[in-house]
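Residue strings, one per chain:
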There are 4 protein chains.
Amino acid sequence: MVSFTILVDCPDEKGLIYRITNVLYNRQLNIVKNREFVDGDTNRFFMRTEVEGTADENILQEELGAALPPQSSVKIITARQKKLVVLATLESHCLGDLMVRNHFREWNADICAVISNHSMLENFVTRLGVPFHAVLSEGMSRDDHEHAVAELIDGYDPDYVVLAKYMRILTPAFVERYRNRIINIHHSFLPAFVGAHPYRQAYDRGVKIIGATAHFVNNNLDEGPIICQNVIPVDHSQNASDMAKAGKDVEKMVLSRALKLVLEDRIMLSGNKTIIF
Amino acid sequence: MVSFTILVDCPDEKGLIYRITNVLYNRQLNIVKNREFVDGDTNRFFMRTEVEGTADENILQEELGAALPPQSSVKIITARQKKLVVLATLESHCLGDLMVRNHFREWNADICAVISNHSMLENFVTRLGVPFHAVLSEGMSRDDHEHAVAELIDGYDPDYVVLAKYMRILTPAFVERYRNRIINIHHSFLPAFVGAHPYRQAYDRGVKIIGATAHFVNNNLDEGPIICQNVIPVDHSQNASDMAKAGKDVEKMVLSRALKLVLEDRIMLSGNKTIIF
Amino acid sequence: MVSFTILVDCPDEKGLIYRITNVLYNRQLNIVKNREFVDGDTNRFFMRTEVEGTADENILQEELGAALPPQSSVKIITARQKKLVVLATLESHCLGDLMVRNHFREWNADICAVISNHSMLENFVTRLGVPFHAVLSEGMSRDDHEHAVAELIDGYDPDYVVLAKYMRILTPAFVERYRNRIINIHHSFLPAFVGAHPYRQAYDRGVKIIGATAHFVNNNLDEGPIICQNVIPVDHSQNASDMAKAGKDVEKMVLSRALKLVLEDRIMLSGNKTIIF
Amino acid sequence: MVSFTILVDCPDEKGLIYRITNVLYNRQLNIVKNREFVDGDTNRFFMRTEVEGTADENILQEELGAALPPQSSVKIITARQKKLVVLATLESHCLGDLMVRNHFREWNADICAVISNHSMLENFVTRLGVPFHAVLSEGMSRDDHEHAVAELIDGYDPDYVVLAKYMRILTPAFVERYRNRIINIHHSFLPAFVGAHPYRQAYDRGVKIIGATAHFVNNNLDEGPIICQNVIPVDHSQNASDMAKAGKDVEKMVLSRALKLVLEDRIMLSGNKTIIF
C-alpha cells in the first residue's frame, strides 16, 4: 500500500540519500521502493521513493526541503485517479487501445473526453460512454481551431493531454499551455524520419526495422523528451502501406507503455531527456 | 571511481536504508549507485551500493553489521581482477566469444585456463596464449575424471568456473565444491526442454522461438538460479540442425551477458532465484 | 488484387512448381505471391500461391488435381469475409483488442458473437454492437454446458472459434467438432508452464522472460500446433501478479498476430506443426 | 545438396515462374528452395532458386536467358568457398567475432587477410594464423593510403571487402573499385545518427534504443543499401561511453548476420534497397 511517491531533483552532493531517508525514518515512513540517479552532465541528483505510512504532507515537504541544498525540488504525490483528455484524428488503433484500458480501469486514470478534428471516431467513443467533441477545422484559422480545442480541454482540467495520432501541428502557445503534460506518439524510431510520412520515408530508405516513439511535446516538432521507443522488423516485401499497417501495433503499445509510466509518476525530466524510474 | 561495492542481505524492517547510508555518510563515503529490493516471499531486504572514498574495510564491515538486525549478511567487495576457469567440450562458439573478450581485456577478469574433455579446442586456445588442459574421459570413471578436472581447477584458484558448452553431467560433490560459483549455458529457454537435445525437442514441438539460459549450477540439472535468458524467432523452414546453428549466437550472447553481471557483482541469490542489480 | 489463394499439400517429387505454374499460366492467371516448403520428415511439399485473374474454380481445381501425384490436397480459396465466434471468461485484454479491430474492420472478418461463462464482459461487448451470450456453468454438467455453448456457436456457422482467455477445459468431443478451427492463447511460452497458473509457475522458477503462445487446439491441453509465440523480459522485482499484468500485452498481441495469419490463409498444418507462409 | 543457386532479375510479366521452372524441369534439376518478389516501384521480378542435380552451367545460362524477356539478368552460382579481406582500425569486437567464425570454419568463406590503419590488432590476428597488414596513414595522402590498401586487397582477389569498424572515409574511386562488394557496419540504426559519434548523438538526443546497421557501401557515406539492422534498449543511466560499450555486441551480431546472408548469395539489389531471400 503506497501512501506517497516522493520525487526529488536537486544538486548532487554527499549524503543526500542519508538525509532524505533520515527524514522519512523520523516520520516512521516505510520505504517500499527507491531509485536514484545522478546526471553526470548537470551534476543533479534525482530520486523517486515510494513510501507507506501516515504523514502530514506539508510537514514532510518542509522537512525534506530543509534537508536538501538550495535549488532543490521536492514533489510529494498521493495516489489519486488522474484525468486524461485524448486528441485523435482518423486513425483508431491508439485510441482504441486506450479506450479499452480505460473501460476496464486498467490504470488509475480516467479518459474524461476525446477531442478530434474529424467526426469519424465519434461512434466508437460514445458507444463506450466517453464524451466526444468534434472540432472540425474547416473554415477556421489554425489559431481559432486550437483555441476551441484548448477551451474544451480546459473544461476537463486534465492532468495530461494524449495525442493518439492527432494529425495537427500544434502552436508554441498550445504546447506552452500544457507544458510537459502533452504526450505524443510518433510513427518512427526518432530521430529517424522526423515529420510527415515516416513510413514512406522508411520504405524509400529500405530500412529493415520500423518503430514508434512516445515523447513529451515541446516547441520543436518530434524533438521533445523521449519516453519509450520500440521497433519491429520489416523486409523488402512490405511497401509503405504495409509498413504503416504493421506499425500500428507498435505505435499503440509504445504509447500505452509511455502513458503507464507517466500515470505512475515514474518519469522525471532532466533537460530534454527523461529519467525513468 | 568506485572504491567498494557493498552487498547487504538482511531481514526487512523499517529504516534500513537510513541506517546503512548513515554509516556510509559518517565515513565520508559517496554513494555512486544504489539499488534495493525486498523479497515479499521471504521478507528479506537486499541492497547493492557502489561507493567511492577511503575507508578501512574491517571497520566498515563492523559498523554496517552493528547497524543491521541479526541474521544479516554484509559483503564489502573491492574492485580486483577476477579469475575464471572455463570448461568446454567440442563446440567453439561460447568459448570463442569468451576468449576474444579475454584477449582484449573487455572485462576485469582473466581466463586462467581452459579445461576440456576433448582436445579439439586446444589449438585455438593455446594460440591465444591461454593454458589448455585436455582431460580425456576414456577409460576413466566419472568420479576419477571429475576429480582430475577439479584438481586442475583448484590449481588456478578461480573465482568462477564457466561451463561453455561443457557436455558432461556434474556430480553433486563437484557442484558443492564450487557452490554458487559455476555458471552454465543451457541451449533452451528453461524450463522448456530440460536435458539433452533441446533443439531436437524444440523442432519436434514446432515452437516459433528458441532460446538460451545462463544459470548457476546446483545439484539438479538445469534447475539452478537463472541469470539471463534470451530467444530468437524460428520458423517451419528450420530443422533441428538449423535451429542448433541459429541458437549458437543466442547462447554465446546470453552466457557473456550473464558472466558480465557475475563479474560486476550485480547478482544476489534469494533461494533459487537471482536478484540482479 | 488477389483473386484466389491456392494451397497445395502433396508428396514431394521433381517438377511440382513447374506443373502447378503451368496450369496457372495456361489459365492466364498471374502469380502475385508464392511460397513453398518441403517437410523433410514427411517428404511432403507445401505451396501457397496468390493469383490474380479470372478462372472457373472447379476447372482449376480439377486441372491442378490432375497435375499432382496421388495423395494430394488442393484448396482454392476466394477472398471473403470470414466469420468468428469468440469465447471469453473474465479477462478483457484479448477480447478488447479483437473487438476494436473488429469495430474498425481491420481484418476481412466479422465477430458474429461473443460467448462467455460469465456475464462480466457483456456490457462492453454489447456497447460495441456485437451479440453477447452468457452461458453460466453453475448447476450444469461440463457436457451440458459445452453442449449449450456449441449450439450457440453453430447458430453462427463460424469459420473459426477464438478462445480469448476462455478459462474452461474443452472436451475431446468439442475439440473434434471444430477440428483445426479453434485458436487459443496460452499465457506462457509453451512448452514451458503447461496448464494452470503459468505466471505463478514462472515466478516460482525465477525465469527472466515470460511469454504467450497462440495455437490450434487439439485433444491434449496446450499441445496443439503452435502458430505464434512472443516473450518479454521480466526481473526479480516482479511477482506473479506483476507478471500476469505485464503478460497481458504480449498475450493480446500474439493472439491477434496469430488470428491475422489464420484469416489470411497463411497457415498449413503438417502433423502437429504449422507451416506459415 | 545444393548444386546451384540461380538469381534472376528481370522485367515482370506473366508466366515467369512457369518458364524458369520449365527449363529446370527439362534439365532434370530439383528445386530445393525458391523465393520470388516483384518490386512494385520498378515492376521488376526477382527470384532466387536453389537446385540440386547435374547440368552444364553455360547451357543452363543460355536456356534461362532465352526463356526470359529482354533486360534480364541471370546468375548461376556454384557453391565454393568465398574469399574475404577485412579492414579494421582499433576496435576488436567485430573483427574478433569474424576471426573466431573463420577459425572454426563456420561459414563457407576464408578471411585471406586483415588490413588496418593501425598495428594494434596485429598480435591477435597473426596468432590466429591470418595475414595482417598495417598500412599506417601517417605522412601519407588520403589517396596514397587508399591506393596502398587497394593494392593489398587486390593481391588477395577477394569476393568481398568487410569494414569491421574501419574508421577511415573511403573515396568514390575506392568504392567504385569494389562496387557492391564492400560491407560496412555502422554503429546506429540508420538513418538516425549518420556520420561520426553516433553514440554521442544518441545520448544527447536521449533515445531509448540504440542499434547498428550493416550495409553495402556506395558513394554517399552511410547511405548504401541496408542489409541488416538491430537495436537494444538503453536507459537514462547509460552515458555515451556506456552506450558505445553496450552497442558493441549488437554491432558484431548485425555484421556477422549480414555477412552470412551475403556469403549465402541471399541478397539481390533493387536500386538502393536489398531484397533478402
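Residues numbered from 1 in each chain as written. Chains lettered and ligands numbered in written order. Predicted model: local features only at pLDDT ≥ 70, side-chain atom pairs only at ≥ 80, totals over all residues.

Give me the lowdown on the overall build of chain A, citing residues and values where you can.
When its secondary structure is counted, chain A shows eight helices and 13 strands. Taken over C-alpha atoms, the radius of gyration comes to 21 Å for chain A, in line with the 19 Å a tight globule of 277 residues would show. A burial count over chain A gives 46% of its 277 residues as buried. In chain A, of all internal contacts separated by at least 6 residues, the share reaching a separation of at least 24 is 66%. (Helix = DSSP H or I, 4+ residues; strand = E, 2+ residues; numbered from the N terminus. Rg over C-alpha atoms; globule rule 2.2 N^0.38 Å. Buried ≥ 20, exposed ≤ 12 C-beta atoms within 10 Å, placed from the backbone. Contact = placed C-beta atoms within 7 Å.)

Any details on the domain arrangement of chain A? Residues and values, ideally.
A common way to state how big an interface is: give the accessible area lost once the parts meet. Looking at chain A, the domain boundaries give domain 1 (4-78), domain 2 (81-178) and domain 3 (181-277). The distance between the C-alpha centroids of domain 1 of chain A and domain 2 of chain A comes to 35 Å. (Domains from an automatic or database assignment.)

Which residues make up the sheet that holds strand E2 (residues 30-39) of chain A, and what are the values?
Residue and element names in this part refer to chain A. As summarised here, the arrangement of the four strands in space is E2-E3-E1-E4, forming an open sheet in which the pairing is antiparallel. Two strands close off the open sheet at either side, each with one partner strand: E2 and strand E4 (73-78). Each neighbouring strand pair of the sheet contributes to a mean axis angle of 10°, computed without reference to strand direction. Taken together, the eight bridges between strand E1 (residues 4-11) and strand E3 (residues 44-52) define a ladder with antiparallel strand orientation. Note on E3: the bridge partner recorded for aspartate 9 is phenylalanine 46. (Pairing = 2+ DSSP bridges. Axes fitted to C-alpha atoms, helices over the stretch in contact; angles between N-to-C directions.)

Before we move on, can you summarise the relation of the copies chain A and chain D with the specific residues and values?
For the pair chain A and chain D, the best superposition has an RMSD of 0.0 Å and corresponds to a rotation of 180° with a translation of 0.0 Å parallel to the axis. Such a turn and shift between the copies fits a two-fold axis. Of every C-alpha in chain A, the one belonging to Ala192(A) sits nearest the axis of rotation, 2.3 Å from it. Mapped onto chain D, 100% of the interface residues of chain A again fall at the interface, so both copies present the same surface. (Least-squares fit on C-alpha atoms with pLDDT ≥ 70 in both.)

Tell me about the packing of helix H3 (residues 93-103) of chain C against helix H8 (residues 240-263) of chain C, and please be specific about residues and values.
Residue and element names in this part refer to chain C. Closest axis-to-axis distance for the H3/H8 pair is 8 Å, and the angle between their directions is 45°. The angle between H3 and H8 falls in the class oblique. H3 and H8 meet at a crossing whose hand is right-handed. Touching His93, Cys94, Asp97, Leu98 and Arg101 of H3 are Lys248, Glu251, Lys252, Leu255 and Ser256, all from H8. (Parallel < 35°, antiparallel > 145°, perpendicular 65-115°, else oblique. Left-handed = near helix turned anticlockwise from the far one by under 90°.)

Run through the nonpolar core, naming residues and quoting values.
Side chains of a nonpolar character, in soluble globular proteins, are inclined to be buried together. Among the nonpolar cores identified, the biggest contains 337 residues, and Ala164(A), Ala164(B), Ala164(C) and Ala164(D) are the most heavily contacted of them. The greatest single-element share of this core, amounting to nine residues, is contributed by helix H8 (residues 240-263) of chain B. Setting aside its immediate chain neighbours within four residues, Ala164(D) contacts Val86(D), Leu87(D), Ala88(D), Cys94(D), Leu95(D), Leu98(D), Ile185(D) and Leu255(D). (Core = buried A, V, L, I, M, F, W, Y, C linked by C-beta atoms within 7 Å.)

Give a description of the sheet that holds strand E2 (residues 30-39) of chain B that names residues and reports values.
Each strand in a sheet pairs with another by means of backbone hydrogen bonds, the pair being arranged parallel or else antiparallel. Residue and element names in this part refer to chain B. Across the sheet, four strands lie side by side as E2-E3-E1-E4; this open sheet has antiparallel pairing. Each end of this open sheet is capped by a strand with a single partner; those strands are E2 and strand E4 (73-78). Each adjacent strand pair in this sheet contributes to an overall mean axis angle of 10°, direction not counted.

Mind laying out the interface of chain A and chain D, listing which residues take part and the relevant values?
Contacts between chain A and chain D engage 24 residues on the former and 24 residues on the latter. Contributing elements (two or more residues each) for the side of chain A that touches chain D: strand E11 (226-233) and strand E13 (273-276) of chain A. Among the residues making up the side of chain A that touches chain D, the classes are represented as 12 nonpolar, eight polar and four charged. (Nonpolar A, V, L, I, M, F, W, Y, C, P; charged D, E, K, R; others polar.)

Give me the lowdown on the interface of chain B and chain A, citing residues and values where you can.
Contact with chain B, which involves 11 residues of that partner, is made by 11 residues of chain A. Counting residues per element, the ones that place at least two in the side of chain B that touches chain A are helix H1 (16-26) and E2 of chain B. Looking at the side of chain B that touches chain A, the element that brings in the most residues is H1(B), giving five residues. Residues of the side of chain B that touches chain A, tallied by class, amount to four nonpolar, five polar and two charged.

Got a sec to walk through the environment of Ala113(B)? Specific residues and values, please.
With respect to the helices and strands, Ala113(B) occurs in strand E6 (residues 109-116). With 19 residues separating them in the primary sequence, Ala113(B) and Phe132(B) have C-alpha atoms 5.8 Å apart.

Give a description of the environment of Ser137(C) that names residues and reports values.
Residue and element names in this part refer to chain C. One can find serine 137 in the loop between strand E7 (132-134) and helix H5 (142-156). A tally of 15 C-beta atoms within 10 Å means that serine 137 is categorised as partly exposed. Spatially, the C-alpha atom of serine 137 lies 8.3 Å from that of histidine 118, the residues being 19 residues apart in sequence. Setting aside residues up to four positions removed in sequence, serine 137 forms contacts with Asn117 and His145.

Pulling in residues and values, what's your account of unusual backbone geometry?
The residue after Leu190(A), namely Pro191(A), is reached through a cis peptide bond having omega 10°. Although it is not a glycine, Asp157(C) sits at a positive phi angle of roughly 50°. The residue Asp157(C) is located in the loop between H5 and strand E8 (160-163) in this model. By the C-beta count within 10 Å, which is 9 here, Asp157(C) ends up exposed.

Tell me about the relation of the copies chain B and chain A, and please be specific about residues and values.
Superposing chain B onto chain A takes a rotation of 180° combined with a translation of 0.0 Å along the rotation axis, leaving an RMSD of 0.0 Å. Both copies contact each other with a shared surface, as 100% of the interface residues of chain B are interface residues in chain A too.

I'd like a description of the packing of helix H1 (residues 16-26) of chain A against helix H2 (residues 57-67) of chain A, backed by residues and values.
Residue and element names in this part refer to chain A. Two elements in contact, H1 and H2, have axes separated by 9 Å at closest approach and are oriented at 155°. Comparing their axes, H2 and H1 come out roughly antiparallel. For the pair H1 and H2, the crossing hand works out as right-handed. Residues Arg19, Ile20 and Val23 of H1 pack against Glu63, Leu64 and Ala67 of H2.

I'd like a rundown of the pairing of strand E5 (residues 82-88) of chain B, residues and numbers included.
All names here are of chain B. Among the seven residues in E5, five count as buried, and that is most of the element. Relative to E6, E5 runs parallel, the two sharing seven bridges. Within E6, the residue paired with lysine 82 across the bridge is alanine 109. Crossover E5 to E6 through helix H3 (residues 93-103) is right-handed. (Right-handed = clockwise from strand over helix to strand, strands pointing away.)

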